[in-house]
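Architecture at a glance
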Amino acid sequence: MSRFLSTLLVLGLILSFSASQLCSNALAKGRTLRQVATSKHFLIGSAGSIWKFTPDGSYQNTLSTQFNMLTPENELKWFATEPQQGKFDFYWGDKIVAFAQQNNMRIHGHTLVWFDSLPAWVKNGTFTRDELIAVMKNHIQTVVSHYKGKIQEWDVVNEAIEHHGNGLRDNIFLRVIGPEYIAMAFQFAHEADPDAVLFYNDFGTENWPIKSDFQYNLLKGLLKQGVPVNAVGLQMHEYSDNPIPVDRYRKELQRLGSLGLRVGVTEFDASSKEPQKNPLAMRLGVQAQTYANAVSACRAVSACKSFTIWGVNDKTTHQSDLAPVIFDANNQPKPAYTSVLRTVLRSK
Ligand code: G3I
């Protein structure tokens, strides 16, 4: 494409986004994303970390004014809450939970049982099967009981399926307890807080057929056994070079909803695999489309009640080099913010 034409294209994109930004702001009547989502009884969340709060309050302000749900990014993981066996530490978890409560935000607890971010005493432990069941039960029930009435929903088991969906993922719980560890984890959490909404959470399950099918069958089997799994979280860490079509997202969300589960998008972000390849305006445009597709699909499926973005701004998100979220490094809204706001605004 000639230089003149590509300049025209980029100019067109910039103009179209600023026009759509103006249009969306007018439509939203100056309301924030949180206000628009709340008016639709829709949960729009962000991962947030007390360790990322800024002295000028800009991080915290974006988090509390633009989102009505918060997932503590790391403060509730096993390494943080039980760093030594039987010695629980809720200092940081209590701080981020208090922040969410002070700002009237729903809290999505993350996560109770996961192969990653385990303290060494668990990861390298030499437990018998009964010992590890007792360790897992004590961890789950101590943490869930501590936050009962404060945390409304939990990622009970995270990423238990092998990366590409070929069976269950190797971890110490599978090796020592067996596949029943999954059902046990949900049972323990339910006993500790019968009112909490209990999620199974994983990635790649919105788009990779083998992994999506494995997850669907895993959940169907758990439900058949009467295991108290109430919901499924699709993390949706996407690359925005080729946006997944709305229909593809929607079909999977609907299939999971047909099991009677609540569905949540739990960790959405969208970045370019080759940021140097295309001009910034084009990358921002494609990213905005990726966000719009995913939000559209969620809003089209009645079982999909929440959409969480994995990070407040591009500076503090876990992929800060790829600028994957909807606020830039200076907490300014990007075209993806406008497309999320517009999509929620226009949804039923
Ligand atoms: O400071 C702690 C140290 O005290 C502790 O012993 C150690 C244990 O791993 O963690 C140290 O800090 C870092 C932690 O973030 C808190 O900042 C870890 O080094 C670092 O690995 C950890 O990264 C997080 C990662 O999960 C692993 O837990 C990222 O911030 C977080 O964005 C990322 O989020 C995950 C979701 O939980 C699950 N789905 C995928 C998603 C992205 O990877």
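This part covers the state of the cysteines. Summed over the entire model, instances satisfying the criterion amount to 1 disulfide. The disulfide that involves Cys298 links it to Cys304, with 2.1 Å between the sulfurs. Since a negative S-S torsion denotes a left-handed disulfide, the Cys298-Cys304 link at about -95° is left-handed.

Quick look at the pairing of strand S2 (residues 69-72) now. Residues Met69 and Thr71 point to one face of S2 and Leu70 and Pro72 to the other, with burial holding for every one of them. Two strands pair when backbone bridges link them, and strand S1 (residues 43-48) and S2 are joined in this way by 4 bridges, in the parallel orientation. In the strand pairing of S2, Gly45 is matched with Met69. Crossover S1 to S2 through helix H3 (residues 58-66) is right-handed. For S2 and strand S3 (residues 106-114), the ladder comprises 2 bridges, and the chain directions are parallel. Looking at the pairing, Leu70 lines up with Ile107 of S3.

Scanning all chains against the criterion turns up 16 aromatic pairs. An angle of 45° between the planes, with centres 5.8 Å apart, marks the rings of Phe53 and Tyr59 as tilted. Phe53 gets classed as partly exposed once you look at its relative accessible area, which sits at 23%. Taken together, the ring pairs connect Trp78, Trp121, Phe127, Phe173 and Tyr181 into an aromatic cluster. Between the NZ or CZ atom of Lys211 and the centre of the ring of Phe203, over which it lies, the distance is 3.5 Å. Above the ring of Tyr216, the side-chain terminus of Arg255 is found at 4.5 Å from the ring centroid.

A surface patch of nonpolar side chains, amounting to about 420 Å² of accessible area, comprises Trp51, Phe79, Tyr91 and Trp92. Structurally, the position occupied by Phe79 is in helix H4 (residues 78-81).

What follows concerns the site of the ligand. The immediate surroundings of the ligand are formed by 15 residues, with Glu73, Lys77, His110, Ser117 and Glu267 found nearest. Within the side chain of Trp310, an N or O atom sits 3.0 Å from an oxygen atom of the ligand. Contact with the protein chains removes 56% of the 800 Å² of surface that the ligand exposes when unbound. Tallied by class, the residues present in the shell around the ligand amount to 4 nonpolar, 7 polar and 4 charged.

Ranked by size, the top nonpolar core spans 95 residues in total, and within it Met136, Trp154, Val157, Phe173, Tyr181, Phe307 and Ile326 carry the most contacts. Residue contributions to this core peak at 9 residues, all from helix H9 (residues 180-192). Counting contributing residues per domain, this core is built from domain 1 (31-62 + 262-348) and domain 2 (68-229), each supplying no fewer than three.

Right, let's get into the domain arrangement of the protein. Splitting the protein by domain gives domain 1 (31-62 + 262-348) and domain 2 (68-229). The gap between the C-alpha centroids of domain 1 and domain 2 is 24 Å. Listed by partner, the interface residues are 24 residues for domain 1 and 23 residues for domain 2. For the pair domain 1 and domain 2, the summed buried area comes to about 2000 Å², and 54% of that belongs to carbon and sulfur atoms. By the criterion of area lost to domain 2, the three top residues of domain 1 are Arg34, Ile50 and Trp51, representing 30% of everything that side buries. The interface formed by domain 1 and domain 2 includes 2 salt bridges. The salt bridge involving Arg262 is made with Glu153; its shortest N-O contact spans 3.0 Å. Elements supplying a minimum of two residues to the side of domain 1 that touches domain 2: helix H2 (33-39), S1, strand S8 (262-271) and strand S9 (304-309). A per-element tally of the side of domain 1 that touches domain 2 places S1 first, with 6 residues.

Conventions we followed
- Residues numbered from 1 in each chain as written.
- Predicted model: local features only at pLDDT ≥ 70, side-chain atom pairs only at ≥ 80, totals over all residues.
- Heavy atoms only, no water.
- Disulfide = S-S within 2.5 Å.
- Buried < 20%, exposed > 50% of the residue type's maximum accessible area, 1.4 Å probe, protein only.
- Helix = DSSP H or I, 4+ residues; strand = E, 2+ residues; numbered from the N terminus.
- Pairing = 2+ DSSP bridges.
- Right-handed = clockwise from strand over helix to strand, strands pointing away.
- Phe/Tyr/Trp six-rings, centres within 6.5 Å; stacked < 30°, edge-to-face > 60°.
- Lys NZ or Arg CZ within 6 Å of the ring centre and 35° of its normal.
- Patch = residues over 30% accessible without salt bridge, like charges linked within 9 Å, V, L, I, M, F, W, Y side chains within 5 Å.
- Areas by Shrake-Rupley, 256 points an atom, 1.4 Å probe, with all protein chains shown as cover.
- Salt bridge = Lys/Arg side-chain N within 4 Å of Asp/Glu carboxyl O.
- Near = heavy atom within 4 Å.
- Polar contact = N/O pair within 3.5 Å; in protein donor to acceptor, adjacent residues only side chain to side chain.
- Nonpolar A, V, L, I, M, F, W, Y, C, P; charged D, E, K, R; others polar.
- Core = buried A, V, L, I, M, F, W, Y, C linked by side-chain atoms within 4.5 Å.
- Domains from an automatic or database assignment.
- Contact = heavy atoms within 4.5 Å.
- Buried area = accessible area lost by both parts, 1.4 Å probe.

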